[in-house]
Number of protein chains: 2
Amino acid sequence: MLTYDISARGKTPLYDYIYQCIRRDIIEGKLSSGERLPSKRQLAEHLHVGVITVTNAYAQLVTEGYVTSEEKRGYFVADVKRYRQPATKKTPKTKNKIEPDTGIIADFRMNRPRRKLFPVAMWNKLMRETLSEGGDALWRTVPWNGLVELREALSQYLRENRGIEATPEQIVIGAGTEYLYGRLMQLFGRATTFAIEDPGYKKFGVISESYGAPWKYVPIDSAGLKIDALEESGADVVHLSPANHFPTGIVMPITRRLDLFEWVNRVKKRYIIEDDYDSEFRYTGKFILPLYAEDTQGKVIYLNTFSKSIAPSLRISYMVLPEPLLRRYRETQSFYSSTVSSFEQATLARFIARGFFERHLARLKKYYREQRAAMLHALKCSPLITSGRAVIMERRAGTHFLLHVDTELSRSAIEERAKERGIALSFYADYFHAPLNEEGVTLVINYAAIARDAIEDVVSRLCDVFE
Amino acid sequence: MLTYDISARGKTPLYDYIYQCIRRDIIEGKLSSGERLPSKRQLAEHLHVGVITVTNAYAQLVTEGYVTSEEKRGYFVADVKRYRQPATKKTPKTKNKIEPDTGIIADFRMNRPRRKLFPVAMWNKLMRETLSEGGDALWRTVPWNGLVELREALSQYLRENRGIEATPEQIVIGAGTEYLYGRLMQLFGRATTFAIEDPGYKKFGVISESYGAPWKYVPIDSAGLKIDALEESGADVVHLSPANHFPTGIVMPITRRLDLFEWVNRVKKRYIIEDDYDSEFRYTGKFILPLYAEDTQGKVIYLNTFSKSIAPSLRISYMVLPEPLLRRYRETQSFYSSTVSSFEQATLARFIARGFFERHLARLKKYYREQRAAMLHALKCSPLITSGRAVIMERRAGTHFLLHVDTELSRSAIEERAKERGIALSFYADYFHAPLNEEGVTLVINYAAIARDAIEDVVSRLCDVFE
């Protein structure tokens, strides 16, 4: 008869303890395949426990298949001779992966909106309102293309601020631009050849590749993407940022836009993916009209994100699909569930619809404009510029500019010397596919995240790098 | 000389109005290609505006390329004869797409956690704490695999509640299970053949297809997936829910699990994707150990979601990758940015780490247990069961059970009659690939969302359908 030391069970429920003992005996072969277990009543009496306890233990063994129950005959041990106990993995005690302090005081590699510029109190108030007033819809599955409130708010925002006429039905919300690119890859399919700008947003190419779609680099000139090269590339769909090319800041002039439209309208399967990222930040004049607003043939897909305008950690992007593509998108991609939580969609919808987003953008823009002025001023007063060894290339837009430095230093020497001075640099050459054979070096100065009161110091360190 | 009625500008800024007038004249050909514009000073005097206003108007025209500026020579009209004004689309006034009231009082097609069970106040408190205490990390780009706080909380939760030993480094957070499936498709590649259970979660097949990967249906028997059929299918990676097969609720017994492990361990490239969806809801006995916990060779990828346990509108799922796959995943998939906002990840981390999630689950489980009891009771007292024309098939788990009804009615007749009575039904046959040739009809009774006080009425309507 099965005998277990019931007193050794600690805090484990009685039925569970008995279940575990029998299971172990089965795994270890002490109870062998086909053997009949004592009846529930017998075992209960033997162990001095209630019949219900044994019933529960047996039920769990039956559910998991260690024991089979045969009506009127009893309980029999299953054949689990093949069972191997998994080695008890020692869980490495979690290293709280705090980023090592590398001594970097200024990181020009990326911009991130400063936390203090985020309207925490307002966001929280809207989130609270959303949670308490949001109604049942908030707890339901989100529509595949996103909450209607957010699509409505975006439709109005785009009309008033970007010159784009798009109905809420044309808008699709997604968890980041990369996610939406994935959907577009699947929409167009692997037989489609994509084109990206060189230099430009290389990651689009990496994503195409991961979806198995071919892609080509197309060079730019001072007016942006070269259309003859685009034609020669054989590409069907081109990704670009005509209002603010990354990272040069080039605005594509109307004549080149007309060439681009001619290219796209010439062949039925051709489309343009317009990434309007960063377009909110222009410091002089009015906003640059997106291609989408000038498209007469339904050939432009417009994308934008809140990574830059709110926070990179808020994973919300959206796209506007032209009417002819919309149907195809709905047919082939709408089986995918929405990837953004309804709580954040609803909060963002309120944030936009009540005008807080525009106010926030105005504040951000003011901050960046001042930041840019401070950075340009510090550079222009620095020996790098006054000596004529460096030139600033900037377009009064975005949150970065280019700085060309006349130097004999190799890239690795520059990086090393910058690191010693607490600076991490971003190189223009990295945005090129083809090697950039330049005299000297061109840096991408992402200035948004540099602390204002550190600018003088950072610029002086930057000068030191090239001394 | 250009003459415009400045008084007609309304609220448009002066420079913008002049820019728009000149742009229109260029587009309409009133100013022709190559023509020289008046100097800034001349035009300013002519229009009685400041030189700075004209400077700004010209600057915008130059930026957009409607005009080119030649040093010392002046401003010249560009060639935009090809320009076509986009037709002013009439934006269809947004139809506030409120779902039409279809008169459905009971929808058995899907479960959704009831809103009132969601701990709104606690969630909001944690969200507020997160926003105010979260620190700079919250405003930075989220690590590709998710916030470390959430991965740590999940690691501990899995150890204590699911018998899974996984380090935070093995966990990847994603915006929904479908999103993570997409990453796995790309990890394994299009040369991999997937297998899914028949009946089962068909959407996995649709997703495979959209990624261009072949997939096979493999039938189940009373112990779950048939391993000989799996072997014959030639599949490399199988998707299944061994702790609670969908929609039958079958628990895969240990003997079948051992067969499955033998299958997976036999060939290097074979893997198991274990979808542990719904496993939190077992009403008798203890939880069923996931395959992941019994895997000795690093062959099981574990997935779970908060759709069911918190809300379908919270788009957070996670997976645990076994060590050998982790490196490959990191190498090939970590370039994708995280798809879940840091605010919700950090809030969920607190919710789990402080024990609120377990308490919430206990409450949900109690609610569902009572709901299930009420539904079973009402059915057992109903003429459908008392007359012997229907049989309940349920496994004391999940949030649905199967109901087989002996009837001569066709499916469309059943649907029609149900609709007339305000009921939307879910059919077991829909989860099958192969046609299910059954006598009568088997319904999937998703009872979670039915209002408690409506159960009697709903069951009586259901009986009426088959009268």
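Right above here is the structure, for reference.
Below you will find a few notes about this structure.

Rules of the game
Residues numbered from 1 in each chain as written. Chains lettered and ligands numbered in written order. Predicted model: local features only at pLDDT ≥ 70, side-chain atom pairs only at ≥ 80, totals over all residues. Heavy atoms only, no water. Buried < 20%, exposed > 50% of the residue type's maximum accessible area, 1.4 Å probe, protein only. Helix = DSSP H or I, 4+ residues; strand = E, 2+ residues; numbered from the N terminus. Arc of directions from axis to C-beta. Axes fitted to C-alpha atoms, helices over the stretch in contact; angles between N-to-C directions. Parallel < 35°, antiparallel > 145°, perpendicular 65-115°, else oblique. Left-handed = near helix turned anticlockwise from the far one by under 90°. Contact = heavy atoms within 4.5 Å. Least-squares fit on C-alpha atoms with pLDDT ≥ 70 in both. Polar contact = N/O pair within 3.5 Å; in protein donor to acceptor, adjacent residues only side chain to side chain. Buried area = accessible area lost by both parts, 1.4 Å probe. Salt bridge = Lys/Arg side-chain N within 4 Å of Asp/Glu carboxyl O. Pairing = 2+ DSSP bridges. Right-handed = clockwise from strand over helix to strand, strands pointing away.

Among the residues of helix α16 (residues 455-465) of chain B, those classed as buried are B:Ile455, B:Val458, B:Val459, B:Leu462, B:Cys463 and B:Val465. Seen from one end, α16(B) has its buried residues packed into an arc of 150 degrees, which puts them on one side.

All names here are of chain A. With their axes 8 Å apart at the nearest point, helix α5 (residues 148-162) and helix α12 (residues 342-353) run at an angle of 30 degrees to one another. In terms of orientation, α5 lies roughly parallel with respect to α12. When the axes of α5 and α12 are compared, the crossing they make is left-handed. Counted together, Glu-149, Leu-150, Ala-153, Leu-154 and Tyr-157 of α5 and Gln-345, Leu-348, Ala-349, Ile-352 and Ala-353 of α12 form the full contact between these two elements.

This part is about the relation of the copies chain A and chain B. Once turned by 180 degrees and shifted 0.0 Å along the axis, chain A lies on chain B with an RMSD of 0.1 Å. Given the turn and translation reported, the copies of this chain are related as if by a two-fold rotation axis. In this assembly, 99% of the residues forming the interface of chain A have copies in chain B that are likewise at the interface, indicating an isologous arrangement.

On to the environment of B:Lys286, then. Relative to the helices and strands, B:Lys286 resides in the loop between β9 (271-275) and α10 (291-294). Using a relative accessible area of 18% as the deciding quantity, one classes B:Lys286 as buried. For the pair B:Lys286 and B:Leu258, spaced 28 residues apart in sequence, the C-alpha separation works out to 21 Å. Sequence-distant contacts of B:Lys286, that is, excluding residues within four places in its chain, are made with A:Tyr15, A:Asp16, A:Tyr19, A:Gln20 and A:Gln60. Within polar-contact distance, the side chain of B:Lys286 engages the side chain of A:Asp16 at 3.0 Å.

Counting residues at the interface gives 96 residues for chain A, matched by 95 residues for chain B. Carbon and sulfur atoms make up 55% of the area that chain A and chain B hide from each other, which totals about 8300 Å². Linking chain A with chain B are eight salt bridges, by the criterion used here. In this structure, the salt-bridge partner of B:Arg23 is A:Glu294, at a minimum N-O distance of 3.8 Å.

All names here are of chain B. Across the five residues of strand β5 (residues 194-198), five count as buried, placing the element largely inside the fold. As judged from the five bridges shared by β5 and strand β6 (residues 215-221), these two strands associate in the parallel manner. Pairing of Glu-197 across the sheet is with Val-218, part of β6. For the crossover that starts at β5, traverses helix α7 (residues 203-210) and ends in the parallel β6, the hand is right-handed.

Here the focus is the side chain of B:Gln371. All names here are of chain B. Its location among the elements puts Gln-371 in helix α13 (residues 356-380). Looking at Gln-371, the relative accessible area reads 0%, which means it is buried. Within the structure, the side chain of Gln-371 is placed 2.8 Å from the side chain of Arg-452, a separation counted as a polar contact. With residues up to four places along the chain from it excluded, the contact list for Gln-371 reads Tyr-447, Ala-448, Ile-450, Arg-452 and Ile-455.

The values are spatial; any link to function lies outside them.
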